[in-house]
Each structure stands twice: as structure tokens, then as C-alpha cells.
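An overview of the molecular structure
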Amino acid sequence: MENRDPSIVVIRPFRPHDNDDVQKLIIESTMSSVNQFFIKSLTREIYFQTVIMTAAIMFIFLGLPFYWTLIGVPVVMALLFYLIIRSAHYYKAHYLHYDLKDILTTYLSSDKTCFFVAEAYGPIPPKGHISRNHHQSSSIAFISFAEFQTLDRNGSISGSGRKREIIGTIGVCRDNNSAVIAWARRMSVAKSWRGHGVGSQLIDTVIKFCNNRAFVAIELVTTECHDTARKLYEKKGFETKQLYHKNFYLSSLAITMHFMTFKTRPTYKGTAVEL
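Residues numbered from 1 in each chain as written. Predicted model: local features only at pLDDT ≥ 70, side-chain atom pairs only at ≥ 80, totals over all residues. Heavy atoms only, no water.

**Some points on the pairing of strand E3 (residues 140-144)**
In plain terms, the rule: Here the term buried applies to any residue with accessible area under 20% of the maximum for its type, exposed to any over 50%, and partly exposed to those in between, with areas from a 1.4 Å probe on protein chains only. Secondary structure is summarised from DSSP: a helix means a run of H or I of at least four residues, a strand means a run of E of at least two, and numbering begins at the N terminus for each. By the convention used here, strands pair only if DSSP detects at least 2 bridges between them.
For E3, the buried fraction is high: five of the five residues fall into the buried class. Along E3, one buried face is formed by Ile140, Phe142 and Ser144 and the opposite face, lined by Ala141 and Ile143, is buried too. Relative to E3, strand E1 (residues 7-13) runs parallel, the two sharing five bridges. Counterpart to valine 10 in the pairing with E3 is isoleucine 143.

Written as C-alpha cells, this is what we have:
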């Protein structure tokens, strides 16, 4: 079997030239949950109420055959729900991510906040080739920014002709009500790189960053439609502190939100951190 150098993924702070790639990735990540929201909508009472009411109107007042209303209305309503959900996701992805309009100001204007990206050099490795600790394997190697700078002094990585792309993001900022609580936001991983430990490394980076900044806890919010992400957070030690419902799409669809928290282990109050 042919041996090849492992793909390298470096976790580092955001730089201005990353902006277009970051925006594209987060839009892709936002849109990737459309199907999950759609499936959830089909199990909600509002969908069945809409189908029954529309079918009754078409059968009683318009005189359409019963079998047409029985078959056609659920399909048409499902298509309508899908279009509404997809349109809402598109609007959110393109117009409501206010914190991403100026990442440098929002996340990099203080030593207590940061926005990290995962930058890959090399092809997407086959799935199942990640070691148990998710750090090194035969086909992918995660390194810190400091390690990358050491290895790349002569351009041996960035100048090697390897394909380069931003494959993951995560931001960390301070809670509005407490200076010792951090918020993790904008967690995203490129669809083609999911299942390779990228999300795990991004979370580890944020935990280490918050430990070194003397935060006592990290908080985040996720939804029932992001089940894979929630399970990863739980695996990393996050616990669901509160469940609540949030209404979407003109209050027609209630989604369960998971407010999660992680207790950090502060080490010192300095600003140096190994990235």
C-alpha cells in the first residue's frame, strides 16, 4: 500500500485573510441543519393541524375528491414547510450573524476573547484513521499554531503544494453578565471533514484557552437538531444545565434548546497561551 504524508490540521487564531473562507464555512454549516429542522417540523402538532385544516377546506368548500386531498395535501404542506425552513436558514446565515461582520473587533480586541480556525493542509483522510486521543494518526495530524510555525520555518508545509482550506471554526467571548464565564460560539466543521476529530480539537482548544484565562466556566447553547454536536459536548464534559423551548418561523415551530456548561480549571491569570 502506498504511504503518504499525513494531512496536517493546525488550530490557530483567526487572521483577516481568513474572512471569506470563514463566512462561507459558517453559511454552509448553518444550511446543513435544514433537513434536521424539517424532519422535526413534520413531527410537530402544527404540521398535522395545517394538513387537516387545509384538506377539510379543499374537500368541503372546493369539492376536491377526498383521495386527492388525502394524498396531495400532506405532500404540498411538507414542501411548503421545507421551503419556509430553508428560506429562514438562508436569511439567518446571510443576514443575522452580526458578530461575524467584524470578527477582529468582536473576538480579537481583547486577550479574554478569541476566534479559532482549523486550517487543513492536504487531502481529506479516509474516515476511521484517527487515533483514540484524536491527536495523531497515520493520515491526519493536529498541531498547534506554535508547532506549525516551528515546522514551517522553511515553508515545508505552506509551500509544499498541499491543498489548503479552512475546515473549522469556534469563537469564545465573555458572558455579558459575568467576567469569569466564557461563551463558546460559532462552532462549525466543513461537512467533508466531519468525523475526523476536528470538532473535538476545536473544543479542546477553547477549553485550554479558557483555563489559561482564569474563566471558571464555559457556556453554550445548542438545539435538539444538532444532536451530533451535543453528544460531542457531553463527551468533552459539558452538562445540560437547562432545557427550554424557542419558537421559530413566526412561532409556528418550537425547538428544544440545550443550555450547556463546562466547569474549567483555571491555572493562572496571565495572557500567554500556547496555540
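**Notes on the pattern of salt bridges**
Applicable threshold: When a carboxyl oxygen of Asp or Glu is within 4 Å of a side-chain nitrogen of Lys or Arg, the pair counts as a salt bridge.
For the structure shown, the criterion picks out 14 salt bridges. We note a salt bridge from arginine 12 to aspartate 18, for which the minimum N-O separation is 2.7 Å. Here the two residues arginine 12 and aspartate 18 agree in accessibility, since each one is buried. Here the salt bridges share partners, and the residues they tie into one network are Arg12, Asp18, Asp21, Glu119 and Arg164.

**Quick notes on the environment of tyrosine 244**
Selection rule: Contacts are residue-level and defined by heavy atoms, with any inter-residue pair within 4.5 Å sufficient.
Mapping tyrosine 244 onto the fold places it in strand E7 (residues 239-248). It is 8.1 Å that separates the C-alpha atoms of tyrosine 244 and phenylalanine 259, two residues lying 15 residues apart in sequence. Not counting residues up to four positions away in its chain, the partners in contact with tyrosine 244 are Val221, Ile255, Thr256, Met257 and Phe259.

**Digging into the confidence of the model for the protein chain**
Should pLDDT be low for a region, the predicted coordinates there are not to be read in detail. The line we're drawing: In predicted models, pLDDT denotes the confidence assigned by the predictor to each residue on a 0 to 100 scale.
Per-residue confidence for the protein chain gives a mean pLDDT of 87; residues scoring 70 or more make up 88%. The secondary structure element of the protein chain with the lowest average pLDDT is helix H6 (residues 145-151), at 85, and the one with the highest is helix H1 (residues 19-31), at 97. Across residues 129-137 the pLDDT falls below 50, and counting only partners more than four positions away or on other chains, this stretch makes 23 contacts in the model.

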